[in-house]
Amino acid sequence: AKSLKILAYLHTTNQRTFSSLIRLTSSTLPFLRAPMVADVIIAAVAVDYRKDKILHHLLGAEFYGRCMDQLAPGLHLLPAKKLCDLTASLAHLDTPDHELFSYLSAHVLDSPGKFHVEHLVSILRDFAKMGHDAPTVVELLVSRAHQLHLCTPSALAAAPSIFIPERNGSV
């Protein structure tokens, strides 16, 4: 799993190597902790392993489904930044796993101190892209509106997409 992550971030993997790593990672998923499973998902998306792609007789949708099943119980183990990266990867993958997003929403509400306003904006932007509603997380963001001045310009630019989500390519 670590080699998959490293090769994905270095952009040095070829199709054959990546295929072998996916096969190997798929067989070891039950033994991986949630942070490593999140890294696997993020890396697989980074090298453009799509849901409809087949590598080593493993359809991407099946691979991501296995990852989600392994990841959901351990979401609370992920740091806020990794949760943001994970939701961005899932949004890029166009995988509306509403059950996982519901777990994520509950986790944000259970430990709101773990998440900076910028994290909330990032997560909610990706939720909006996937069509997942999280009104209680939006309420948490609104209650922290006084902290928006601490956000980066890119996070501030993404904030309107939370309140006016893009639907079917039009605003």
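So, how was this worked out
- Residues numbered from 1 in each chain as written.
- Predicted model: local features only at pLDDT ≥ 70, side-chain atom pairs only at ≥ 80, totals over all residues.
- Heavy atoms only, no water.
- Helix = DSSP H or I, 4+ residues; strand = E, 2+ residues; numbered from the N terminus.
- Contact = heavy atoms within 4.5 Å.
- Areas by Shrake-Rupley, 256 points an atom, 1.4 Å probe, with all protein chains shown as cover.
- Buried < 20%, exposed > 50% of the residue type's maximum accessible area, 1.4 Å probe, protein only.
- Phe/Tyr/Trp six-rings, centres within 6.5 Å; stacked < 30°, edge-to-face > 60°.
- Core = buried A, V, L, I, M, F, W, Y, C linked by side-chain atoms within 4.5 Å.
- Axes fitted to C-alpha atoms, helices over the stretch in contact; angles between N-to-C directions.
- Parallel < 35°, antiparallel > 145°, perpendicular 65-115°, else oblique.
- Left-handed = near helix turned anticlockwise from the far one by under 90°.
- Nonpolar A, V, L, I, M, F, W, Y, C, P; charged D, E, K, R; others polar.
- pLDDT = per-residue confidence, 0-100.
- Salt bridge = Lys/Arg side-chain N within 4 Å of Asp/Glu carboxyl O.

## Overview of the overall build of the protein chain
Here is step 1 of the chain: If you tally the helices and strands in the protein chain, you get 9 helices and 2 strands.
Here is step 2 of the chain: Going from the N terminus to the C terminus, the protein chain shows its helices and strands as α-α-α-β-β-α-α-α-α-α-α.
Here is step 3 of the chain: Looking at the protein chain alone, contacts between residues at least 24 apart form 69% of all its contacts between residues at least 6 apart.
Here is step 4 of the chain: Counting only carbon and sulfur atoms, one obtains 59% of the accessible surface of the protein chain, whose full area is about 8,900 Å².

## Topic: the environment of Phe101
Here is step 1 of the chain: On the secondary structure map, Phe101 appears in helix α6 (residues 98-110).
Here is step 2 of the chain: Since its relative accessible area comes to 1%, Phe101 is described here as buried.
Here is step 3 of the chain: In this structure the C-alpha to C-alpha distance between Phe101 and Asp133, which are 32 residues apart in sequence, comes to 9.2 Å.

## Description of the packing of aromatic side chains
Here is step 1 of the chain: Under the defined criterion, the tally for this structure stands at 2 aromatic pairs.
Here is step 2 of the chain: Plain terms: the ring middles of Phe63 and Tyr64 are 5.4 Å apart, the flat faces sit at 70° to each other, and that makes the pair edge-to-face.
Here is step 3 of the chain: Residue Tyr64 is classed as buried on the basis of its relative accessible area of 2%.
Here is step 4 of the chain: Taken together, a centroid distance of 4.9 Å and an interplanar angle of 40° make the contact between Phe101 and Phe127 tilted.

## As for the nonpolar core
Here is step 1 of the chain: With 50 residues, the main nonpolar core has Ile41, Phe63 and Leu71 as its most contacted residues.
Here is step 2 of the chain: Elements represented by at least two residues in this core include exactly α2 (15-28), α3 (34-46), α4 (60-71), α5 (80-93), α6, α7 (117-130), α8 (135-143) and α9 (153-163).
Here is step 3 of the chain: Ranked by residue count, the leading element in this core is α3, at 8 residues.

## What about the environment of Lys129?
Here is step 1 of the chain: By the element assignment, Lys129 lies in helix α7.
Here is step 2 of the chain: In this structure Lys129 comes out as exposed when scored by relative accessible area, which is 55%.
Here is step 3 of the chain: Taking C-alpha positions, Lys129 is 9.5 Å from Ala88, a pair spaced 41 residues apart along the chain.

## Concerning the packing of α7 against α9
Here is step 1 of the chain: Put simply, α7 and α9 touch, their axes get as near as 8 Å, and they point 45° apart. What the angle tells us is that α7 and α9 run oblique. Between α7 and α9 the crossing geometry is left-handed. Packed against α7, whose contacting residues are Glu118, Val121, Leu124, Arg125 and Ala128, the element α9 presents Ala155, Ala158, Ala159, Ser161 and Ile162 at the interface.
Here is step 2 of the chain: Residues belonging to the contact of α7 with α9 are distributed by class as follows: 7 nonpolar, 1 polar and 2 charged.

## Structural notes on the confidence of the model for the protein chain
Here is step 1 of the chain: Looking at the protein chain as a whole, its pLDDT mean stands at 81, while 83% of the residues score no less than 70.
Here is step 2 of the chain: Within the protein chain, helix α1 (residues 2-10) has the poorest average pLDDT of any element, 67, and α5 the best, 90.

## Digging into the pattern of salt bridges
Here is step 1 of the chain: Counted under the stated rule, the structure contains 4 salt bridges.
Here is step 2 of the chain: Among the salt bridges present, the one from Arg66 reaches Glu62, with a minimum N-O distance of 2.5 Å. Taken as a pair, Arg66 and Glu62 lie in helix α4 at a separation of 4 residues, close to a single helical turn.
Here is step 3 of the chain: The exposure class assigned to Arg66 is partly exposed, which follows from its relative accessible area of 36%.
Here is step 4 of the chain: A relative accessible area of 39% means that Glu62 is categorised as partly exposed.
Here is step 5 of the chain: Measuring nitrogen to oxygen at the nearest pair gives 2.7 Å for the salt bridge that ties Lys81 to Asp85. On the criterion of helical spacing, the pair formed by Lys81 and Asp85 is a turn pair, its members being 4 residues apart in helix α5.

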